[in-house]
Structures are given as C-alpha cells and as structure tokens.
Amino acid sequence: MYYYLLNHVDSSAISFLGATIYMYIPYHIAESIAEGHGLLSIAYALTPLLFLSYDKLYLKSDLKNTMTSGIITALDVLTHPQAFPLLTAPFLATYLLTRLILDKRPVSTKLKKATTLLSSTIYGLLLSSFWWIPFYRSMTHFYGTTYTIIDSLYFTADLIQAVTLQAMSVNISEWQSFFHNPWELLFSMITPSLLVLSMYSIFKKHNKTGISMFTAYILSLLLALGVTSPINVYYFAFNYIPLFNSIRTPVRFLFFTSFATTVIICIGLNNSFKNLKLSKKHIRIVLTLLLLLFMINSYTEINYAFQTFQLPATLHQAYNYLNTKPYGRIFIVPLSAWVHNPEWGNTINPMLWVFMYNKETVGCGAPNLLAEPTGELLDFLYWKAFSGKINLSVLCDIYGVDYIWVDKTNQLSENYNYLDPSMEKIFENEQYAIYQNKDRLPVIFLLYQCYHNISLNTSWTSPNESEIQVQPTTNGIIIFCNFNTDQYEVATISHNISLENYTLTDELAFNYNVLTNNNDLPSKIRLKITLIESNGNKYTINTLKLDKSGTISIPLFLFQPCNHTDTQLDTNYVSKIQIEIREAATPYQAKSFAIECSDFKIIKNTFKEVPFLRINSNVYILWLNSTTEEQQYSKKYIVLNYAYFPNWELTVINPKVPISVASKKVLYLLNGFDITTTSTHYVTYEIHFNASVIEKGSIILSAITFCIAPFYLFYTHRRKIYLSLKQFFQKPSLTCFNSSK
C-alpha cells in the first residue's frame, strides 16, 4: 500500500499514514483475523499491488508491464474463490473504465490501452486456470456455494457500518453497544469526515485517479448495502451477473471500500496540504494526530482480534483421549458448524479440530466444503433437532461412523438418538462423552440390490385439488400443478402404501421428469416425501431439489419423526405415502408445470464386506470373487464409503481389460460402481480419484502460459545470454612470457 500511494501523493509521510490506516481498518481486522478469513487477508494485501501494476500498465503499455499485471492477477485469483471475480475485478474494471473516459486522448489510443489491459487480465486468468477452472466446474457438486437473495439479508452492511468501516465484531454484544458510547461514536466519524473533505479537494483539482477511485468506491458501497441499498445494484448483480449468487455476505464488499477510502483520503490530504502550504513539521504533527485517532478508532477490534484463550480442561481431556484412538470417522452431536462462546467468540466446533487428531468427519471440515447431498442431509438433521428427535443409529452404521462426540451441556444433544447395542461409551467427563461404533460398514463394501415394483398409479388424493391434479399412467402418475400467485406454494397428494417385510436399510425409489417450457422453473421446485404410520406418526426427509429429470432414491433410515416422539420408523406399520410439491416464489410469474413420476419401487439392500487395501486416500485396491448366487440380484455395486463426487472411478487391473466404471450416487450420498455385468471369475479392482479431461487441460494451459514469461526473457536478452555463454565456454588463451632479455 505504501508504494501504491507513493505513486499518487508527494509525501512519504502521507503514504506511511495510508498504509497504516489500511492495515488497521476495523472491518479488515475483524473479518480477516477475528473471523479467521486469512486467505481474504492475503487478497486484501494484494489489492494495492494489483492496482499499482495496472496503473503502470496504463501509463506504459509494454509487454513487461502486461506480464507483471497478469502474474499479480493470477496471485489474486489463487488467494480465495471470491477474491478476484467478486471483491476486486468489478471495482478494478470500474476504476480503469473511468480513467479511460476521463482520458482526453483519441478513441483509437483508448481502445489500444483497453485491449492491453484486457490482455493482461486474460494472461493472469490463463496462468491460474489450473485452479479456477476445476474449482468453478465442481462448484455445483458442493454444498453452500449458491444462495438466495434472502440469505444475504443477514449479512448486509448498514449505512453507518459502511461509511465508518466499523465491523460487526465477533463479540456481537460489543458491536451492538459500540455506538452507544459517545466517544467511540465520535472517533468512528473520523473516516467519513475525512472522506467528504478529500472528495471536495479531489473534484476541485480534477484529480483523475481520485475521481476514478471514487466511482469504484460508490459501487462497492452500494453492493455492501445489499438489497437495502437505495440503488439496488446488488439485486441486479445477484440475478444477472455470474458468480454473484455465490456470495452470501454483501458486507464483504467493504474489503474494497476500505482500500478505496484509504486512497481517496490520502490523495485529498496531499491536495489539502499543497493548498495550505504547510511546512513539513506541521504536516507531520497533523499526520501523527490523525494516525493516533485512527488507531483509537480501531482499538475495539484490534484488542478483541488478538486476544488469546485457553481451551477448557474438559475439552483438552476429550481431545487427548481421542488422539489415542485409531483413525476413524467421527460424528459431532449436536450438528452445529459454529460454536459461540463469550470468551472465544465464534469458533469452528470440533468438526475442524478433529483433523489435528487423525480423525475425519461425516462430510468435511466446514459447511461450504461438503458435497451437496451430504451438506443437505446434515443441514436437515441439524434443523430437525430443534423440532423433534433424530435417530442416528442406522445412519451411523451405514455411513461408516466410528466415533460419536457428544456435548452433554448442549440441550440439543438430547434430541439425538444414537444409542444401540453396538455403541460403546469409551470416554466421559463433566462436559463431553465419546462413543465407539462396533457395527459400522467399512470404507469399501459390496451392495446387492433387488427391485420390488409397487403400484402407485391410482387412488391418489389431494386436499387442494384446485392447484394440483393427478393423472395415472401405465407405470406411474403425472402431477399437474397450477400455482396462480407469486408466493411460496405447497400442494400435497397422498396414497396408501405397505412396507411390510422391509427394513430401514432398504430404499424407496422412483423416476421423475419435470414437464415445463420454462428452463428456470425446475431449479425452484422441491419435493418433500413423508411416510405415515397407521397410528398417525409421520416421518419425513429433507426437501429434494429437482433437475429436469432424474431418479429419487431414499434409504428408509433417513426418514425422521415429524413430532417430538423418539420412536424410529417402523416399516411394518407404514400405511400411507405423502408427496408435497413446493415451489419457491417467482415474482410476477404464475407457475404451471407437471411432474411425471414413474417406476415406483422398493429396493431391497444386502451388504457384504470385501477385502481391500488402502494405498492412500485417493487409491484403493480390492479383490472380488463373484459367485453364481449373486445373479439373483438386480444390481451389484462396489461402494466407496465417501461422499459422492463424480471424479471417482473404478478400473479392472487383473485381468488387464479396458473396463472403467464411473461413480454413481448410491445410498443417497455414497459412491457406487455398477459391476452387475462383470464376469463371475476372480477380479482385482482399483478405485482412484481421476481428474477429468477439462481439469487436465487446464493444467496444460497454465503450464504453456507459464512458459511464456521465461521465453520472453530469453528472447529479449538473447544477445546478452549468447555472449555470456560464449565467454563461459571459450578456452582461455595461453600467454608466453619471455624471461630472457
């Protein structure tokens, strides 16, 4: 930041002030350090360097500056998924576009400069393509990567926070009482006051850099205000610009607002000192006072962010014991990703900490790192615990859970039923208990499936026939929905069903096809399936997001009670199935669509262990000797007990035949490899994580782009290199000395 400001102001003292302010702006301290977003802090530090490189490229459009800007762009892209496309690029583009508009040179010159600036950005994107192409391609498979406009309401800056750059501190109570203190209120007004005075000076002097930065500042301010902004830029960007629906926190745009504010204030101070003709001594006194005031303004966040604390002794005991146990999968009860403690603030709960103790969690470490079906399931189980009991015993067996970590002091823990004869308590103190599961399925196992078709094509009933009608077909039904309002709509149909002689490890399945001319509509349709017992008890699963077409297959153990009963679904008493069609509100649009449901069936599952060898976390070898008795099953799968991801692949390595099987989602969220057609002799398989053609191509693209820089250096300095090599390899000449005179 110091060197960036030094290119726009005449005083090194002002540059030092700006760099210090930029480092200790309250929002940056709270978001990067107290909230723990360290990668965003790196992007925050790179922002001045990025703008400096593009400023130099704007002034001198040569190949050296183009490549330098591209390299810094690539570094910014690699810091955080949101850093360049959302928190930097829109404002960099606004800043440069304004500079081009204010430039008085001919249009042809401006177009050349714009082309050079764009080429530099493209070069940076090509350099970093090995990372961002696979990442954005796989975003659809992760949970919590896209949000609704309603989600952003909870993470929007208010006007006071946006102009003062104060942070919603981790200690929420401190932040809420912040503006009740008149002194803190007074200090927080320093930033907007200096900003207004600086803008007056900038526009009076017609400073092009300051005006260009001000346009970017206004854009970032409007985006940070979210949907509460007087000019709803965020709503437009969220709905019409790619990737903007992946940011849930509009307040995060204050990262750039902090940068722009610092630059504008420093340029304004530089102009003001010139007009007032102050001596260096007086300038230093003024700058020292301003620095002191800014540091006082940031004291609350600085003091809180750098506090240290010690974990409670009970937590230490539990961790130390867990560290003595073998590697395994752990399930946290209750399923909260964040824990608030008056001393710690908001901290990630043991879902992340267990990785320090050679354990893995069901899913992954943080909510936005979960595979989508896993994240949806855990989210459903978390919220369901607030309204009723959750049964985990069969779920933990199927999904290979070795340990259950229970926080006994949390009242929600009482709503999780995980005890059965296979669960053994291995540790307990005043606050925590750890159970070990003796009957869970291994990382790799065989899954045999038998399909039992059921007839559900007649006698469907609905309480709201004006909005929904059912038409039977040969092997299913067509559900016609007609929602005439722009509100959130729900319609229900039900049918009698019998699940006698089936178990909780079996599945209810059917195919669906959404019939509509509106391509956007299927993404807004959800199905919720409920099983009803003869005594009236209801058991449901989380709402299911529909594609244009597909298959829904739900293990019966995932159905959880709708009321506060602690009973588990009993398949022998199930008498009715209920399907709810839910459609999210679409403004100014009536919704008429149909869903064709066909091939209703119950899948009877049988599990069998298989010998395997774990090479590493991405490669497994297994041996299988198929028998003729297995031909009675409809399907046969090798199951990898990891959250489903399409890059997993199974290949036959003995005998060597060109057979590879792609992963398919089975048991709701696991990887399954269909080997139904495999011959019945002894076969050795390998399961590995395989990069796609696009991912491999992105690596090659980055490598080729990376080679451009050394090639350019070699080409431009080829004469010097040639002479240096020639001198190095040239033999030294022998000199004869005549000693006689």
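In this text, all values refer to a predicted model and were calculated from it rather than measured experimentally.

What to know about helix 2 (residues 12-23)
Moving on, step 1. With twelve residues, helix 2 should reach 16 Å at 1.5 Å per residue; the first-to-last C-alpha distance of 17 Å fits that figure.
Moving on, step 2. Inspection of helix 2 places Ile14, Ser15, Leu17, Gly18, Ala19, Thr20, Ile21 and Tyr22 among the buried residues, and these make up the whole buried set.
Moving on, step 3. Sitting at the head of helix 2, Ser11 places a side-chain oxygen 3.1 Å from the backbone nitrogen of Ala13.

Section: the nonpolar core
Proteins that are soluble and globular tend to have nonpolar side chains buried together.
Moving on, step 1. Counting 78 residues, the largest nonpolar core has Phe331, Tyr399, Ile404, Ile529 and Ile581 as its most contacted members.
Moving on, step 2. With near-sequence residues (within four places) excluded, Ile529 lies in contact with Leu508, Phe510, Tyr539, Thr540, Ile541, Leu544, Ile552, Ile554, Phe559, Ile577 and Gln578.
Moving on, step 3. Counting 71 residues, the second-largest nonpolar core is a separate cluster that includes Tyr4, Leu57, Leu221 and Phe294.

Digging into the sheet that holds strand 29 (residues 682-689)
Moving on, step 1. Taken together, the five strands give an open sheet; going across it, the order is 22-23-29-25-26, and neighbouring strands pair in antiparallel fashion. Of all the strands in the sheet, just strand 22 (612-616) and strand 26 (660-662) have a single pairing partner and so form its edges. Strand-to-strand, the axes of this sheet are offset by a mean angle of 20 degrees, without reference to chain direction.
Moving on, step 2. Two elements, strand 22 and strand 23 (residues 619-625), share four bridges in a ladder whose sense is antiparallel. Bridging from a neighbouring strand, Phe612 pairs with Leu622 of strand 23.

Points about the sheet that holds strand 9 (residues 432-437)
One key point about sheets: their strands pair by backbone hydrogen bonds, in either a parallel or an antiparallel sense.
Moving on, step 1. Taken together, the five strands give an open sheet; going across it, the order is 4-1-6-9-8, and neighbouring strands pair in mixed fashion. At either end of the open sheet lies a strand with only one pairing partner, and these are strand 4 (359-361) and strand 8 (423-428). Here the average twist between neighbouring strands, direction ignored, is 30 degrees.
Moving on, step 2. Looking at chain direction, strand 6 (residues 403-407) and strand 9 are connected through five bridges and run antiparallel. Residue pairing for strand 9: Ile404 is matched across the bridge by Tyr435.
Moving on, step 3. This element, helix 18 (residues 313-324), spans strand 1 (328-333), strand 4, strand 6, strand 8 and strand 9 of the sheet and lies at about 20 degrees to strand 9.

A closer look at the pairing of strand 24 (residues 635-643)
Moving on, step 1. Counting buried positions along strand 24 gives seven out of nine residues, so the element sits mostly inside the fold.
Moving on, step 2. Note that strand 10 (residues 444-453) and strand 24 share six bridges and pair antiparallel. Among the inter-strand pairings, Phe445 is bridged to a residue of strand 24, identified as Val639.

Definitions and cut-offs
Residues numbered from 1 in each chain as written. Predicted model: local features only at pLDDT ≥ 70, side-chain atom pairs only at ≥ 80, totals over all residues. Heavy atoms only, no water. Helix = DSSP H or I, 4+ residues; strand = E, 2+ residues; numbered from the N terminus. Expected span 1.5 Å × (residues − 1). Buried < 20%, exposed > 50% of the residue type's maximum accessible area, 1.4 Å probe, protein only. Polar contact = N/O pair within 3.5 Å; in protein donor to acceptor, adjacent residues only side chain to side chain. Core = buried A, V, L, I, M, F, W, Y, C linked by side-chain atoms within 4.5 Å. Contact = heavy atoms within 4.5 Å. Pairing = 2+ DSSP bridges. Axes fitted to C-alpha atoms, helices over the stretch in contact; angles between N-to-C directions.

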